[in-house]
Amino acid sequence: MLKKFAAFAGVKGPVLTIVMDGYGLSNSEVGNAIAAARKPTLDRLFADYPHIQLRAHGTAVGMPSDDDMGNSEVGHNAIGSGQVYSQGAALVANAIASGAIWQGEAWKQIIAGAKAGSGCIHFIGLFSDGNVHSHIDHLKAMIVRAKQEGIKAVRVHVLLDGRDVPETSALDYIEPFEAFLSELRSGDFDVQIASGGGRMKITMDRYDANWRMVEEGWKTHVLGEGTQYASAAEAVKALRAEFPGVIDQDLPAFVIARDGKPVGPIVDGDAVVFYNFRGDRAIEITRAFEETDFDKFDRKRMPKVTYAGMLQYDGDLQLPKRFLVDPPAIQDTMGEWFSKSGITQFACSETQKFGHVTYFWNGNRSGKFAGETYLEVPSDRVPFEQRPWMKSAEIADALIDALRSGKYQALRCNFANGDMVGHTGNFRAATMAVEAVDLALSRILPVVDAMGGVALVTADHGNADEMYETDKKTKEPARNKDGSFKAKTAHTLNPVPFILYDNVTGGRLGLRQLPNAGLSNIAATIANLLGLEKHAKWDESLLTVK
Ligand SMILES: O=C(O)[C@@H](CO)OP(=O)(O)O
Ligand SMILES: [Mn+2]
Ligand SMILES: [Mn+2]
């Protein structure tokens, strides 16, 4: 049990934490969909309530460097655990730098599995240096090592990014990578790109939102079925010509073939490494490779392969069984300790972010702690620039019901809008996304008051705050050839807001801006609002009490 907090007995009503996914604070109004949005409720919160800024990127959330943007996994891990752990990106980079990865059992089994079988290793993963789900340097290091260890054939299945990196940058990765492969290729080392497609079209679905994507990926990578091209570069050029305006993340699947035959379907005796380190979008394809009883789609054939993930993606479900690098051992999360302290908890989001407030929040565990209730609002299956309001109204409905029920002391939710619509690169839709969240807040906050509670309004990282790429030389917004601004689809490095909405303690409570305040300070702040001391491992609370 957490001890009683001496300075404050806790608010009478519930404590609600609202994560506005992808809502960063930028000083610039240029390309800033948040500044451009009409958002009277948020304007009022910033004008009238205590608020500070939190760091949500780089080392503050366990990324290798402060050049790394934040993302939902590291952000929600930091919020939910009150701690900063070295995250997948850093753990993998270190394991490669020290060589520990090659000494691990899993890598040895991949090599041994391929040698005893067909001799071929397949690498499937997100093909960029975004460092949110994967890094191309990790892929390259594994290919070099595989050759050194006497592997004869490697096939690479490239998921085009355009979401963590510029929206039409696929060839900036493919072309140098082909040059890298040419250098390595030799009489006894046959290495080629075998298939690919946009990350939002195939393979990388999450939270069971759309298994058809994974089915499409399976057909492409494993069965080698689909439209054939002579090379990945040719595929990207041809698909861009065929689908003008479609950005990398949404490009259709392609198969590389010679004389009508796919160069790298996955067959019995192969080894397969899924090289993403982040779990949410890696779990479904992993299940397709590992589960004997599998009913999400008809796999047609299930090759007997030696399969490994870069990390273990779900500790509870032990997915995958074999993994190259140990995930961060996230312990003593807020969910667990509130549960042990008898606090009832409610978590809600729509499908696209549901795991963020449950699985990521609880340190990448899919199980529930006692006293937790989860509610998932099914997401639309559309390009989100077509529905920028997403399920904000339904999430507000659910929260209002949960608050009014009086059953829950700590509630948490995630509004996906700023992030999911921000990722489309559509500026106007992103302003509407922010406006939809503002409307939801205007409905929820009066209910918080009525129940005698308080709310913390924050975000996990930026996105909608920067909708244009910056020209590296001029530092001005970058432009396309036709003079229009170049859309930016990725997260940002900006800090996020942390607002205390409190109409019930008579102004006793405030927030302090510690110099390095970050997302990991939120857990202790929530504990104090509930009248509890923080867990010894959690970073400092930001609450001030008069
Ligand atoms: O969509 C995703 O997978 C990432 C971006 O790669 O976004 P977020 O971290 O907000 O989930
Ligand atoms: Mn996010
Ligand atoms: Mn995002």
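Everything numeric in this text was worked out from a predicted model, so none of it was measured.

A. The arrangement of the site of ligand 1 in detail. Looking at ligand 1, there are 17 residues lining it, with Ser 72, His 133, Asp 164, Arg 206 and Arg 281 nearest. Within the side chain of His 356, an N or O atom sits 3.3 Å from an oxygen atom of ligand 1. Considering ligand 1 on its own, with 310 Å² of exposed area, one finds that the protein chains cover 100% of that surface. Of the residues contributing to the shell around ligand 1, the split by class is 1 nonpolar, 7 polar and 9 charged. Residue assignment places the shell around ligand 1 across two domains, with domain 1 (17-87 + 329-545) and domain 2 (89-309) each supplying three or more.

B. A look at the environment of Asp 21. The topology assignment puts Asp 21 in the loop between strand E1 (15-20) and helix H1 (33-36). Residues Asp 21 and Asn 463, spaced 442 residues apart in sequence, show a C-alpha to C-alpha distance of 8.1 Å. If we skip the residues at most four places from it in the chain, Asp 21 touches Ser 72, His 76, Lys 353, His 356, Asn 414, Phe 415, Ala 416, Gly 418, Asp 419, Asp 460 and His 461.

C. Main features of the sheet that holds strand E14 (residues 410-415). Spatially, 7 strands are ordered E2-E16-E15-E1-E14-E12-E13 in an open sheet, and the strand pairing comes out mixed. Strand pairing shows two members of the sheet lacking a second neighbour, strand E2 (51-54) and strand E13 (372-377), which therefore form its edges. Within this sheet the neighbouring strands show an average axis-to-axis angle of 15 degrees, counted without direction. As judged from the 4 bridges shared by strand E12 (residues 345-350) and E14, these two strands associate in the parallel manner. By the bridge assignment, Phe 346 is partnered in E14 with Leu 411.

D. How the structure looks around the coordination of the manganese ion (ligand 3). Coordination of the manganese ion (ligand 3) by the protein is provided by Asp 419 (OD), Asp 419 (OD), His 423 (NE2) and His 491 (NE2), with metal-donor distances spanning 2.1 to 2.3 Å. A distance of 4.4 Å spans the gap from the manganese ion (ligand 3) to the manganese ion (ligand 2). Note that His 423 is positioned in the loop between helix H15 (417-422) and helix H16 (427-450) and His 491 in the loop between strand E15 (454-458) and strand E16 (496-502), a separation of 68 residues in sequence. A relative accessible area of 5% places His 491 in the buried class.

E. The arrangement of the coordination of the manganese ion (ligand 2) in detail. Bound to the manganese ion (ligand 2) on the protein side are Asp 21 (OD), Ser 72 (OG), Asp 460 (OD) and His 461 (NE2), at distances that span 1.9 to 2.1 Å. All donors to the manganese ion (ligand 2) come from one chain, and their sequence spacing reads D-x50-S-x387-D-H.

F. Region of interest: the pairing of strand E3 (residues 120-127). The buried count for E3 comes to 8 of 8 residues, which makes it a mostly enclosed element. Bridging between E3 and strand E4 (residues 153-160) involves 8 bridges; their strand directions are parallel. For Cys 120, the partnering residue across the bridge sits in E4 and is Ala 153. The handedness of the E3 to E4 crossover, carried by helix H7 (residues 136-148), is right-handed. Here 4 bridges tie E3 to strand E9 (residues 271-274), and the two strands are oriented parallel to one another. The partner of Ile 124 across the bridge, within E9, is Phe 274.

About the criteria used
- In every chain, residue numbers begin from 1 and rise along the written sequence.
- The lettering of chains begins at A and the numbering of ligands begins at 1, in the order of writing.
- Confidence filtering applies because this is a predicted model: local features only for residues at pLDDT of at least 70, side-chain atom pairs given and counted only at 80 or more, and all residues used for totals across whole chains, interfaces and linings.
- Water and hydrogen atoms play no part in the side-chain values, which are based on all heavy atoms of the structure.
- Residues are classed as near a molecule or strand on a simple rule: at least one heavy atom within 4 Å of it.
- Identification of polar contacts relies on pairs of N or O atoms within 3.5 Å, with a donor-acceptor requirement for protein atoms, meaning one able to donate a hydrogen and the other able to accept it, and with residues adjacent in sequence counted only if both atoms are side-chain atoms.
- Note that accessible areas follow from Shrake-Rupley with a 1.4 Å probe, and for residues the cover is restricted to the protein chains shown.
- Three classes are used: nonpolar for Ala, Val, Leu, Ile, Met, Phe, Trp, Tyr, Cys and Pro, charged for Asp, Glu, Lys and Arg, and polar for all others, with Gly counted as polar.
- Domain start and stop positions are those given by an automatic or database domain assignment.
- Only DSSP runs of H or I covering at least 4 residues are called helices, and only runs of E covering at least 2 are called strands; the numbering of each starts at the N terminus.
- Contacts were defined at the residue level, with two residues in contact if any of their heavy atoms lie within 4.5 Å.
- At least two DSSP bridges between two strands are required for those strands to pair.
- Comment: axis = line fitted to C-alpha atoms, over the contacting stretch for helices; angle = value between 0 and 180 degrees taken between N-to-C directions.
- Because no water is among the atoms considered, metal sites can look incomplete, with donors defined as N, O and S atoms within 2.8 Å of the metal, or 3.2 Å for Na, K and Ca.
- Relative accessibility thresholds used throughout: buried, under 20% of the residue-type maximum; exposed, over 50%; partly exposed, between the two (1.4 Å probe, protein chains only).
- Handedness rule for crossovers: strands pointing away from the viewer, path from the first strand over the helix to the second running clockwise, crossover right-handed.

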